[in-house]
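Observations on chain architecture
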Amino acid sequence: MAKKVASIVAKREEMQLFIANCTPLRGSSIIPLPSFTMSELMAWNQRQNITCGDSSLPAMSEEHVFETFPLPAQNSYPRRIAVIGDLGLTRNSSTTIDHLSKNDPSLILMVGDLTYANQYLTTGGKGVPCFSCAFPDAPIRETYQPRWDGWGRFMEPLVSRVPMMVIEGNHEIEPQAAGITFKSYLTRFALPAKESGSSSNFYYSFDAGGVHFIMLGAYVDYNSTGAQYAWLKEDLRKVDRTVTPWLVTAWHPPWYNSYSSHYQEFECMRQEMEQLLYHYGVDIVFSGHVHAYERMNRVYNYTLDACGPIYITVGDGGNIEKVDVDHADEPGKCPSQGDNMPEIGGVCHLNFSSGPAKGNFCWDRQPEWSAYRESSFGHGILEVLNSTYALWSWHRNQDTYKEDSPGDQIYIVRQPDICSPSTSLKVISHFNIYSH
Ligand SMILES: [Fe+2]
């Protein structure tokens, strides 16, 4: 399965099919990839037969039928967008994927930490909630390819027919000799970096119907003086909201997180990039990393704001490190400022300067920007209904065999008339957090 994971990328100017070592079939003819365009796909009513593998060997896969994205248009949307993170390969992962498959997605957004192959051998296949605590003398140096292959076989029935778009998490770093990192991730997935004007496979964008997706890299330079920020700024500037009204972004570690685990870990990234995303009216931000579910109210700079994005954490796919249960606002659960250090990048921890948490690193109650949180494995489904309404549902694993009963469900409503870029330009002061 190593090179079968498929991604369809729709870009307004030039749309192509990206499938690593997969070949589209039309009748009995094999069509060379460079000549295979989205226009041809559309002529086939968005369904395409593919086969994968090394065509020089008798090693090609069975033929699969693959459903492609709708063309960018404000009245055309993917039927159901599944969002998962921190999946791994456990019994919980299996339940998540079974449940997700029953929900019949037409696009899967995978927000990082895919296989946990980077700690499989050291932990004896059992995993530990805190790797550095359990193995202080064993820095993570694994890149165990049979585990990657096993995960690929596990995912094949789903991703051979549904496009899955991925972004890297910290478990994809897999540091090796000579400074090599992210080798498995970069080798096993075809990413539309070049097609979206990015010079790095760690961040890219794509369109699917009336949704423009931006996938950001948290483990590469995200500073406002860097290449990723410059690319992001240009990508945002080019988005035509009359064609793709919805703007959805995703990266692995959440900016807003009230669990003890990874609390304020990527505060530096938030301080660098939040203003830009807010200015362009990002509608939804998906992240993983924290192994629990949390949905935020619309927020900007830790202040409730009707024009801020809705942040949703779904790092609860079912991995080997277990679910996170502690909230930073519970007695004795506020982490020390040295507890949550990112693998790459610095820390910018802050104490709140006003409001109920004034002067403190942690709140003494669930923060008002945190709308709903629950420690269960699961996945989410986003159904974009039109340019104004989308229905978000979080499906817990324990509800897999019940009638449809989402653990959390809301309508997300766009209000472009009151939240256009011209009315949303506000300046972040790093020293005036949570001011009313
Ligand atoms: Fe992670």
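Computed from a predicted structure; not experimentally measured.

**A few points about unusual backbone geometry**
- The phi dihedral of Asp 104 falls on the positive side, at around 55°, and the residue is not glycine.
- Exposure remark for Asp 104: the 11 C-beta atoms within 10 Å place this residue in the exposed category.
- In this structure, Glu 174 is a non-glycine residue whose phi angle is positive, near 45°.
- Position of Glu 174 relative to the elements: it lies in the loop between strand 9 (164-166) and helix 5 (183-188).
- The exposure class assigned to Glu 174 is buried, which follows from the 22 C-beta atoms found within 10 Å.

**Description of the nonpolar core**
- In this structure, Val 83, Leu 109, Met 110, Met 215, Ala 250 and Phe 286 are the most contacted members of the largest nonpolar core, which totals 89 residues.
- Discounting residues that sit within four places of it in the chain, Leu 109 has contacts with Ile 81, Ala 82, Val 83, Met 165, Ala 250 and Phe 286.

**A closer look at the sheet that holds strand 18 (residues 370-374)**
- The sheet built from seven strands is open, its strands ordered 10-11-12-13-17-14-18 with mixed pairing. The sheet terminates laterally at strand 10 (204-208) and strand 18, the two strands that pair on one side only. The mean angle between the axes of side-by-side strands here comes to 15°, regardless of whether they run parallel or antiparallel.
- Of the strand pairs in this sheet, strand 12 (residues 246-250) and strand 13 (residues 284-287) are connected by three bridges, and their pairing is parallel. Across the sheet, Thr 249 pairs through a bridge with Val 285, a residue of strand 13.

**Quick word on the pairing of strand 10**
- Counted residue by residue, strand 10 has five buried out of five residues, so it is predominantly covered.
- The sheet contact formed by strand 10 and strand 11 (residues 211-215) spans five bridges and is antiparallel. Residue pairing for strand 11: Tyr 204 is matched across the bridge by Met 215.
- In sequence, strand 10 turns back onto strand 11 through a hairpin of two residues, with Gly 209 there showing a positive phi of about 60°.

Parameters at a glance
- Residues numbered from 1 in each chain as written.
- Predicted model: local features only at pLDDT ≥ 70, side-chain atom pairs only at ≥ 80, totals over all residues.
- Buried ≥ 20, exposed ≤ 12 C-beta atoms within 10 Å, placed from the backbone.
- Helix = DSSP H or I, 4+ residues; strand = E, 2+ residues; numbered from the N terminus.
- Core = buried A, V, L, I, M, F, W, Y, C linked by C-beta atoms within 7 Å.
- Contact = placed C-beta atoms within 7 Å.
- Pairing = 2+ DSSP bridges.
- Axes fitted to C-alpha atoms, helices over the stretch in contact; angles between N-to-C directions.

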